[in-house]
Amino acid sequence: KHKFWETQPVGQFKDLGDNSLPEGSIEDPILLSEVKQEPYKLPNLYEWTTCDIDSEEMCTEVYNLLTNNYVEDDENMFRFNYSKEFLRWALRPPGYFRSWHIGVRVISSKKLVAFITGVPSRIRVRNDVVIMAEINFLCVHKKLRSKRLAPVMIKEVTRRVHLENIWQAAYTAGVVLPTPISTCQYWHRSLNPKKLIDVGFSRLGARMTMSRTIKLYKLPESTVTPGFRKMELHDVPAVTRLLRDYLSQFVVAPDLDENDVEHWLLPKENVVNSYLVESPETHVITDFCSFYTLPSTILGNQNYSSLKAAYSYYNVSTKTPLLQLMNDALIVAKRNDYDVFNALDVMQNESFLKELKFGPGDGKLHYYLYNYRIRSALRPSELGLVLL
Ligand code: NHW
Ligand code: EN5
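**Digging into the pattern of salt bridges**
Considering all chains together, one arrives at 24 salt bridges under this definition. The partner of Glu 72 in a salt bridge is Arg 79, and the shortest N-O contact between them spans 2.8 Å. Between Arg 379 and Glu 382 there is a salt bridge; the shortest N-O distance is 3.4 Å. The exposure class assigned to Arg 379 is exposed, which follows from its relative accessible area of 54%. Within this structure, Arg 122, Arg 244, Asp 255, Asp 257 and Asp 260 form a network of salt bridges that share partners.

**As for the site of ligand 1**
Inspection of the region around ligand 1 gives 32 residues, with His 2, Trp 5, Leu 138, Ser 146 and Ala 150 positioned closest. Separating a nitrogen atom of ligand 1 from a backbone N or O atom of Leu 138 is a distance of 2.7 Å. At 2.9 Å from an oxygen atom of ligand 1 is found a side-chain nitrogen or oxygen belonging to Arg 148. Expressed as a share of its isolated accessible area of 1,200 Å², the protein-covered part of ligand 1 is 88%. Where the shell around ligand 1 is concerned, the elements lending two or more residues are β5 (128-140), α3 (149-162) and β6 (168-173). With seven residues, the single largest contributor to the shell around ligand 1 is α3. In terms of residue class, the shell around ligand 1 is built from 20 nonpolar, eight polar and four charged.

**What to know about the site of ligand 2**
Not every one of the 23 residues close to ligand 2 is listed here, only the nearest: Asp 73, Glu 75, His 188, Asp 362 and Leu 388. Within the side chain of Asp 74, one N or O atom sits 2.9 Å away from a nitrogen atom of ligand 2. In the model, a nitrogen atom of ligand 2 is placed 2.6 Å from a nitrogen or oxygen of the Asp 362 side chain. For ligand 2, whose accessible area on its own is 870 Å², the fraction buried by protein is 85%. Of all the elements, strand β17 (residues 359-370) adds the most residues to the shell around ligand 2, at seven residues.

The rules behind each value
In this numbering scheme, every chain counts its residues from 1 along its sequence in written order. Whichever chain is written first becomes A and whichever ligand is written first becomes 1, with later ones labelled in order. Only residues with pLDDT of 70 or above have their local features reported here, since the model is predicted, and side-chain atom pairs are shown and tallied only from 80 upward, although totals for entire chains, interfaces and linings are computed over all residues. Heavy atoms from the whole structure form the basis of all side-chain values; hydrogens and water molecules are not counted. Within this document, salt bridges are pairs made up of a side-chain nitrogen of Lys or Arg and a carboxyl oxygen of Asp or Glu, the two lying within 4 Å of each other. Buried residues are those whose accessible area, probed at 1.4 Å on protein chains only, stays under 20% of the maximum for their type, while exposed residues exceed 50% and partly exposed ones sit between those limits. Definition of nearness: a residue and a molecule or strand are near each other if at least one heavy atom of the residue lies within 4 Å of the molecule or strand. Any N or O atom pair separated by 3.5 Å or less is treated as a polar contact, with the protein-specific requirement of one donor-capable and one acceptor-capable atom, and with residues adjacent in sequence counted only for side-chain atom pairs. Working definition of accessibility: Shrake-Rupley area with a 1.4 Å probe, residue cover restricted to the visible protein chains. Note on conventions: DSSP H or I runs of at least 4 residues are helices, E runs of at least 2 residues are strands, and numbering of each starts at the N terminus. Gly is placed with the polar residues, together with every amino acid not listed as nonpolar (Ala, Val, Leu, Ile, Met, Phe, Trp, Tyr, Cys and Pro) or charged (Asp, Glu, Lys and Arg).

Printed below as a string of structure tokens:
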């Protein structure tokens, strides 16, 4: 059934429920001198290219490939539309390797037709902090699908990760592969219900009119938590402490230092937004919330071409109830013209989803580790990791 994945060091379906297998690394590292030195062979007519995402021209090529060929929902009504600024942010964290931004071109025309990326990250699994690659943006042009290009790309990124002496990876996908460490549910909170209904993202509920629906999702103009403000550069040390402490409770979570927090959480216009609560009396930073911006192209609608979505990222509450903190996040997202606020049921998100009028979506997100076995699947609430 999974001709490729059966050959890889990942948890296999046949081993589910076998509690005798140990947790941790599935296969041992090999000597760097034993790692294959030449790239894997592509089918005739195609060649590898390393994508220099700093170059405006290359970034545009990647952006165009993804804009036209990346992830769609199951009814092909929406397609993710990561912005160039977002791609630059996602692909250049501290310590990134340019060699992990891999493209495939048609030799004759030089057209970019496939892409896959990795970025380095430290991920803690229980008490074990492991240096991993986060793999993302795997994409094969629509006209080249089902030709077994994806396995070659995955093997090539694996080889280049190995060359940096890194032997594990984390990734998420909407499809089921061998085998998820956890399966999460997408939830959606309407901010602009009329547009969402007009474009087919959501439906008018039974016995609901448009005006009742608009009223149901109405939000106040301003946030309610005293001391709620945008995160700034000088907040990085305090936010790092808050976040590290908070993430320590989850089974799988990133191990973030100040450099990581500055990169991943300092607000970047149209890419990532972070807010915190600074106590007006003590000036202590007690709470934090963040979301990233990922619009989707609306396929085949007369009136609208783009959906502006916020995705819940890392949130920490120590003093402000999480419910109130996230309600303030909804208020700022609404004020900034987002149409919808999305969240997974990871971390403690279950505690606010229903109360804040999120509804379950038709999509699931499966989390995977490469060359790292977990004894049995985790509950989404045991995950402290959000990938882009
Ligand atoms: S998930 C988003 C993936 N991208 C899309 O869905 C975009 C639209 N689709 C496409 O572009 C986030 C194509 O359909 C793709 C597959 C390219 C998905 N992950 O070439 P073939 C990520 O980027 C397996 C992994 O004929 P195709 C995470 C499939 O099961 N494997 O298919 C990426 C089959 O193998 P099997 C996937 O449709 C993580 C084989 O590919 C997959 O033309 C990557 C078929 O290949 C997916 N999303 O192209 C893994 N979708 O064994 C990283 C399909 O079942 C692993 N397949 O026969 C770690 C590496 C680093 C390790 C470091 C130590
Ligand atoms: C890895 N980094 O299916 C990326 N999205 O629910 C790979 N559905 O937007 C991730 N089908 O339910 C791939 N509206 C997995 C995600 C792929 C994209 C995807 C789903 C997630 C989605 C929407 C639109 C469905 C359109 C028809 C959806 C219902 C919203 C409604 C709002 C009001 C309250 C009830 C829910």
